[in-house]
Amino acid sequence: MKDLRRYLVLKYIQYLVLSSSNAISTLLGLLGSFYTIIILQSAKVSSKSTAVLISSLAKADILVSVSAVSEMVVWTFDVTISSTAFTSALLQNLLTANTHISCLLLSCVAFEAYLITFFPTESRHLRTVKKARLTSRIIWILVTAECALFQMDDLLKASSTSAPTCSPCVLLFHFSSTAAALLRSLSYLLGILLRIVNVYIYYKIFFSMSNRSTLKTK
């Protein structure tokens, strides 16, 4: 569990502390996720809701791996891509999906830690493996739908110059562009809110544990 806690700290720094990921934090995150996936396969790790959320968090880095490997293949072997705009947008949207999934899952872990600290008995029915899996599945579905909209918007923008002005695609273009812009603004605001909420949760947990330690020493 100590290794899992270190992994969570690394992920919190990568996604909720740093304004944007850099090469070092991304590489450390990938290595940490790979190591965590191996740890979670061990029989020594009990199957709890927190482990389910952490497992889903580690698997989200597969999106980063796909994006990184694709860029390395293109750069190393000088591969010619027929649709550069589509591919570059897809790789960027994979990174966006990874960030959003990770932030949401980290917030779920923080919320669960809050429940364990302040409402251990009352929240037991909420902190089940089944509900953790359902939560992870919902997050993946929502973020996949979000990035599918982003991908469609990027694709329509790339092909808008050759599209006829009377085409029904124009309506689709305006709809997807407006929806994508609203969703990007919402994602940005939600990201700020999640940072604030996570800081508040761990602030409360830290001082609660400190007060308990003080009472025990008296």
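The name that an unreviewed UniProt entry assigns to the chain is Lysophosphatidic acid receptor 4, with the source organism given as Grus japonensis. Regarding the chain, the UniProt comment filed under Subcellular location (unreviewed entry) reads as follows: "Membrane".

Regarding the pattern of salt bridges
Opposite charge on two side chains lets them pair, provided their charged atoms get close. Counted under the stated rule, the structure contains four salt bridges. For the salt bridge of arginine 6 with aspartate 3, the shortest nitrogen-to-oxygen distance reads 2.8 Å. Pair noted here: arginine 6 and aspartate 3 are both in helix 1 (residues 2-17), with a separation of three residues, about one helical turn. We classify arginine 6 as exposed; its relative accessible area is 54%. When its relative accessible area of 32% is taken as the criterion, aspartate 3 is described as partly exposed. Note that arginine 184 is salt-bridged to aspartate 154, the shortest N-O span being 3.8 Å. A residue pair is termed long-range when its members are at least 10 positions apart, and arginine 184 in helix 7 (residues 169-217) and aspartate 154 in helix 6 (residues 129-159) qualify at 30 residues. Overlapping salt bridges, with partners in common, bring together Asp153, Asp154 and Arg184 in one network.

Digging into helix 1
Between the first and last C-alpha of helix 1 there are 21 Å, a value that for 16 residues agrees with the 22 Å anticipated at 1.5 Å per step. Restricting attention to buried positions, one finds in helix 1 the residues Leu4, Tyr7, Leu8, Lys11, Tyr12, Gln14, Tyr15 and Leu16.

Examining the packing of helix 5 (residues 84-118) against helix 6
Packing of helix 5 against helix 6 brings their axes to within 9 Å, and their N-to-C directions diverge by 155 degrees. In terms of orientation, helix 5 and helix 6 fall into the roughly antiparallel class. Pair helix 5 / helix 6 crosses with right-handed handedness. Along its contact with helix 5, which presents Ala85, Phe86, Ala89, Leu90, Asn93, Thr96, Ala97, His100, Ile101, Leu104, Leu105 and Cys108, the element helix 6 presents Thr135, Ser136, Ile139, Trp140, Val143, Glu146, Cys147, Phe150, Gln151, Asp154, Leu155 and Ala158. Here the contact of helix 5 with helix 6 is built from residues that sort into 16 nonpolar, six polar and two charged.

About the thresholds
- Residues numbered from 1 in each chain as written.
- Predicted model: local features only at pLDDT ≥ 70, side-chain atom pairs only at ≥ 80, totals over all residues.
- Heavy atoms only, no water.
- UniProt positions renumbered as here; feature names shortened; annotations may be inferred.
- Salt bridge = Lys/Arg side-chain N within 4 Å of Asp/Glu carboxyl O.
- Helix = DSSP H or I, 4+ residues; strand = E, 2+ residues; numbered from the N terminus.
- Buried < 20%, exposed > 50% of the residue type's maximum accessible area, 1.4 Å probe, protein only.
- Expected span 1.5 Å × (residues − 1).
- Axes fitted to C-alpha atoms, helices over the stretch in contact; angles between N-to-C directions.
- Parallel < 35°, antiparallel > 145°, perpendicular 65-115°, else oblique.
- Left-handed = near helix turned anticlockwise from the far one by under 90°.
- Contact = heavy atoms within 4.5 Å.
- Nonpolar A, V, L, I, M, F, W, Y, C, P; charged D, E, K, R; others polar.

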